[in-house]
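An overview of the molecular structure
If you want the building blocks of each chain, they are given just below.
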Amino acid sequence: MTGLAVLFALLGAASNAMGTAFQRKAASRVAEGGGLRFILQLARQPPWLIGIAGVTGAALFQALALANGPLSLVQPLFILELPFALMIAIPLLHRRLPRAGWWAVAAVVAGLGLVLLAAAPSGATSDASMERWIPVLILCLGTVAVAVVVARPGRPPLFRAAVLGSASAISNALTAALLKSAVGTLDEDGFVAFLSVWQTYGFVVAGVVAVLLLENALQAGPLAASQPALTIGDATLSLLLGVTLFDETIRTGWWLLPELVGAGVVLWGVLRLTRVVPHLADMAH
């Protein structure tokens, strides 16, 4: 089951990366605009249709991954969406990745591998009582609300981007936790039960909020501020939610040392990528 979770998570990260890359390719061929006319113009572009298929596939792969493995394993693997997006978008958009960028990609992959090997997440239950959900929802939603307030326009761009990126990370992790619970209901009790549980509608709302916060973070300031907060924050909180909600386990004790080293390597790689890749913001999202 863990092997399937890893496979589906990797496919999800790659599929989402492909989707965003092709959507950007299509958008580059269409004159700037907005509204329904802009969407209709995009819909005539084959790359945009490929992009939509990629994003849709990513959602299905994520659900399958969460159905087969722990949240604390699946969500961190989605960090690989960033290097996947670069490797797909660079040739697609006729750009070159500098050597320093390839080293940064290698650092992200190696660091993530070290974290997961050291932590060895385990446990695959999707059941969580309301006694566990209530404090999680209060803390997550409360923190997001505070972040939106303190990151109001007029604050320094770096600060706004980092805070809104962190809020998006919290929303992403919460979305994944709600999705895991809802998919567990679907697997155990069927489609009617899936439509009857609040988590099904919760992950839709949380997902929309995550996307809106991400777009605001990208508009608020440089990617170098928002992307590390988003990348590390989503993985870290997902790990904590897996342990708190679903009784997942990770290794502690001296294993914390390689876990922290790996997280530091991932952070370095992400920071490096945001600085060495031209127009990274246009390729990563």
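Here we look at the overall build of the chain
Looking only at helices and strands, the chain has 13 helices and zero strands in total. N-terminal to C-terminal, the α/β element order of the chain is α-α-α-α-α-α-α-α-α-α-α-α-α. Expressed as a percentage of its 285 residues, the buried residues of the chain come to 49%. Relative to all contacts within the chain whose residues are 6 or more apart in sequence, the contacts with residues 24 or more apart total 83%. Per element, the accessible surface of the chain, about 13,600 Å² overall, is 70% carbon and sulfur.

Let's talk about unusual backbone geometry
Despite not being glycine, Ala120 has its phi angle at roughly 45 degrees, a positive value. Residue placement: Ala120 occurs in the loop between helix H6 (99–119) and helix H7 (130–150).

Thoughts on the nonpolar core
Judged by nonpolar contacts, the single largest core of 56 residues is most densely connected at Trp133 and Leu241. Looking at this core element by element, the count peaks at 12 residues for helix H8 (residues 157–189). The residues contacting Trp133, other than those within four sequence positions of it, are Ala128, Leu174, Ala177, Leu178, Ser181, Trp198, Gln199, Leu245 and Phe246.

Examining the side chain of Thr200
Here Thr200 shows up in helix H10 (residues 198–220). Reaching out from Thr200, the side chain makes a polar contact with the backbone oxygen of Phe194 at a distance of 2.4 Å. When neighbours within four sequence positions are excluded, Thr200 is seen to be in contact with Ala182 and Phe194.

Some remarks on the pattern of salt bridges
In a structure, side chains of opposite charge can pair up when their charged atoms sit close to one another. If you walk through the whole model with that rule in mind, you get one salt bridge. One salt bridge connects Arg132 with Asp247, and the closest N-O pair in it is separated by 2.9 Å. Here Arg132, found in helix H7, pairs with Asp247, found in the loop between helix H11 (223–246) and helix H12 (256–276); they are 115 residues apart in sequence, far enough to count as distant. Given the relative accessible area of 30%, Arg132 is considered partly exposed.

Some remarks on the packing of aromatic side chains
All told, the structure shown has five aromatic pairs when counted by the stated rule. A centroid spacing of 5.3 Å and a plane angle of 80 degrees characterise the contact between Trp133 and Trp198, whose relative ring orientation is edge-to-face. On the criterion of sequence distance, the pair formed by Trp133 in helix H7 and Trp198 in helix H10 is long-range, its members being 65 residues apart. Residue classification places Trp198 among the partly exposed positions, given a relative accessible area of 33%.

Brief notes about a nonpolar patch on the surface
On the surface, Met130, Ile134, Ile138 and Trp198 cluster together into a nonpolar patch covering about 380 Å² of accessible area. With three residues, H7 is the single largest residue contributor to the nonpolar patch. Within the secondary structure layout, Ile134 lies in helix H7. A residue is classified by how much of its surface remains accessible, and Ile134, at 44% relative accessible area, is partly exposed.

Notes on the environment of Ala63
As for its placement among the helices and strands, Ala63 is situated in helix H3 (residues 46–68). Each C-alpha atom of the pair Ala63 and Ala182 lies 9.3 Å from the other, and the pair is 119 residues apart in sequence. If we ignore the near neighbours within four places in the chain, the residues touching Ala63 are Leu179 and Val183.

Regarding the environment of Gly111
Looking at the element boundaries, Gly111 is found in helix H6. Residue Gly111 is classed as buried on the basis of its relative accessible area of 2%. Along the chain, Gly111 and Ala263 lie 152 residues apart, while their C-alpha atoms are 6.1 Å from each other.

A look at H3
Between its first and last C-alpha atoms H3 spans 33 Å; for 23 residues at 1.5 Å apiece the expected length is 33 Å, and the two agree. Listed as buried for H3 are Pro47, Trp48, Gly51, Gly54, Gly57, Ala58, Gln62, Ala63, Ala65, Leu66 and Asn68.

What to know about the confidence of the model for the chain
Scored by pLDDT, the chain comes out at a mean of 83, with 85% of its residues at no less than 70. Model confidence for the chain, summarised as mean pLDDT per element, is weakest for helix H13 (residues 280–284) at 43 and strongest for H7 at 94. When the criterion is pLDDT under 50, residues 278–285 qualifies, and its contacts beyond four places in sequence or with other chains add up to 26 contacts.

Looking at the packing of H3 against H8
Between H3 and H8, whose axes approach to 9 Å, the crossing angle comes to 70 degrees. Between H3 and H8, the angle is such that the two are roughly perpendicular. Listed contacts from H8 to Gln62, Ala63, Leu66 and Ala67 of H3 are Ala176, Leu179, Lys180 and Val183. Residue composition of the contact of H3 with H8, grouped by class: six nonpolar, one polar and one charged.

What counts as what
- Residues numbered from 1 in each chain as written.
- Predicted model: local features only at pLDDT ≥ 70, side-chain atom pairs only at ≥ 80, totals over all residues.
- Heavy atoms only, no water.
- Helix = DSSP H or I, 4+ residues; strand = E, 2+ residues; numbered from the N terminus.
- Buried < 20%, exposed > 50% of the residue type's maximum accessible area, 1.4 Å probe, protein only.
- Contact = heavy atoms within 4.5 Å.
- Areas by Shrake-Rupley, 256 points an atom, 1.4 Å probe, with all protein chains shown as cover.
- Core = buried A, V, L, I, M, F, W, Y, C linked by side-chain atoms within 4.5 Å.
- Polar contact = N/O pair within 3.5 Å; in protein donor to acceptor, adjacent residues only side chain to side chain.
- Salt bridge = Lys/Arg side-chain N within 4 Å of Asp/Glu carboxyl O.
- Phe/Tyr/Trp six-rings, centres within 6.5 Å; stacked < 30°, edge-to-face > 60°.
- Patch = residues over 30% accessible without salt bridge, like charges linked within 9 Å, V, L, I, M, F, W, Y side chains within 5 Å.
- Expected span 1.5 Å × (residues − 1).
- pLDDT = per-residue confidence, 0-100.
- Axes fitted to C-alpha atoms, helices over the stretch in contact; angles between N-to-C directions.
- Parallel < 35°, antiparallel > 145°, perpendicular 65-115°, else oblique.
- Nonpolar A, V, L, I, M, F, W, Y, C, P; charged D, E, K, R; others polar.

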